[in-house]
Every structure is written in C-alpha cells, then in structure tokens.
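Structure assessment
What follows is each chain in one-letter form.
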Amino acid sequence: MGVPVFPEIERTPERYRSLLLRLVHSFREGIEEDEPWPTAAESFREGLRDARAGRVRSIDTLWDGIDAG
C-alpha cells in the first residue's frame, strides 16, 4: 500500500497535531469495533505465512524512509 503518512503528519502545523492525534485515535477505535485486532496467535500465523511466501524485508531496511530524529 505504501501511503506516505509520516510526511503528511510532518506537514501538519504543530498547533493542529493534537487534534490530528485525536482524529486518528477516534478513527482507529471506530475500525477496531468493526473489525477487532487479531490475537497474538493470529498475528503470528499471518507472519509465518508471509515469511513462507517470501513476503519479508531485511531488518536493515526497517527504518528506511522514516525520520526518527
């Protein structure tokens, strides 16, 4: 999917970020009610399926494109 969320957040003026956080939080809670988050076991099984299918990334690319500074 690769939607550039972080650049959009960075372009949001600082004074509006708390509002943005509340919007994102409310959105997440809303979709969580519609479609509950997977259990740890379900998440593990999905990760294992991805690994077996070759849908993996090298750990050294984990932070590529993320400005953590």
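Conventions adopted
Residues numbered from 1 in each chain as written. Predicted model: local features only at pLDDT ≥ 70, side-chain atom pairs only at ≥ 80, totals over all residues. Heavy atoms only, no water. Helix = DSSP H or I, 4+ residues; strand = E, 2+ residues; numbered from the N terminus. Buried < 20%, exposed > 50% of the residue type's maximum accessible area, 1.4 Å probe, protein only. Areas by Shrake-Rupley, 256 points an atom, 1.4 Å probe, with all protein chains shown as cover. Patch = residues over 30% accessible without salt bridge, like charges linked within 9 Å, V, L, I, M, F, W, Y side chains within 5 Å. Salt bridge = Lys/Arg side-chain N within 4 Å of Asp/Glu carboxyl O. Contact = heavy atoms within 4.5 Å. Expected span 1.5 Å × (residues − 1). Lys, Arg positive; Asp, Glu negative; His and termini not counted. Charge placed at Lys NZ, Arg CZ, Asp CG, Glu CD. pLDDT = per-residue confidence, 0-100.

Assigned secondary structure in the protein consists of 3 helices and 0 strands. Sequence-ordered secondary structure for the protein, helices as α and strands as β, is α-α-α. Summarising its shape, the C-alpha atoms of the protein cover approximately 45 × 35 × 20 Å along the three principal directions. Taken across its 69 residues, the protein has 1% of its residues classed as buried. Put simply, the protein shows about 6800 Å² of open surface, and 59% of that area lies on carbon and sulfur atoms.

This brings us to a nonpolar patch on the surface. Together, Phe-6, Ile-59, Leu-62, Trp-63 and Ile-66 give the surface a local cluster of nonpolar side chains, amounting to about 590 Å² of exposed area. The exposure class of Ile-66 is partly exposed, given its relative accessible area of 33%.

Right, let's talk about the side chain of Thr-12 for a bit. Inspection of the secondary structure assignment puts Thr-12 in the loop between α1 (5–11) and α2 (17–34). Other than its neighbours up to four places away in sequence, Thr-12 contacts Arg-17 and Leu-20.

For helix α3 (residues 40–52), spanning 13 residues, the distance from its first C-alpha to its last is 18 Å, which sits close to the expected 18 Å at 1.5 Å a residue. Positive phi shows up at Gly-54, right after α3, with a value of about 85 degrees.

Here we take up the pattern of salt bridges. Going through the model one piece at a time under the given rule, you end up with 3 salt bridges. With its nearest N and O atoms 2.8 Å apart, the salt bridge here joins Asp-50 to Arg-55. The exposed category is assigned to Arg-55, whose relative accessible area is 54%.

Negative charge collects at one region of the surface, where Glu-29, Glu-33, Asp-34 and Glu-35 lie side by side. Counting through the fold element by element, Glu-29 comes out in helix α2.

Below, the discussion takes up the confidence of the model for the protein. Any segment with low pLDDT has predicted coordinates that should not be analysed in fine detail. Per-residue pLDDT for the protein averages 85, and the proportion of residues at 70 or more is 93%. α3 holds the highest mean pLDDT among the elements of the protein, 93, whereas α2 holds the lowest, 85.

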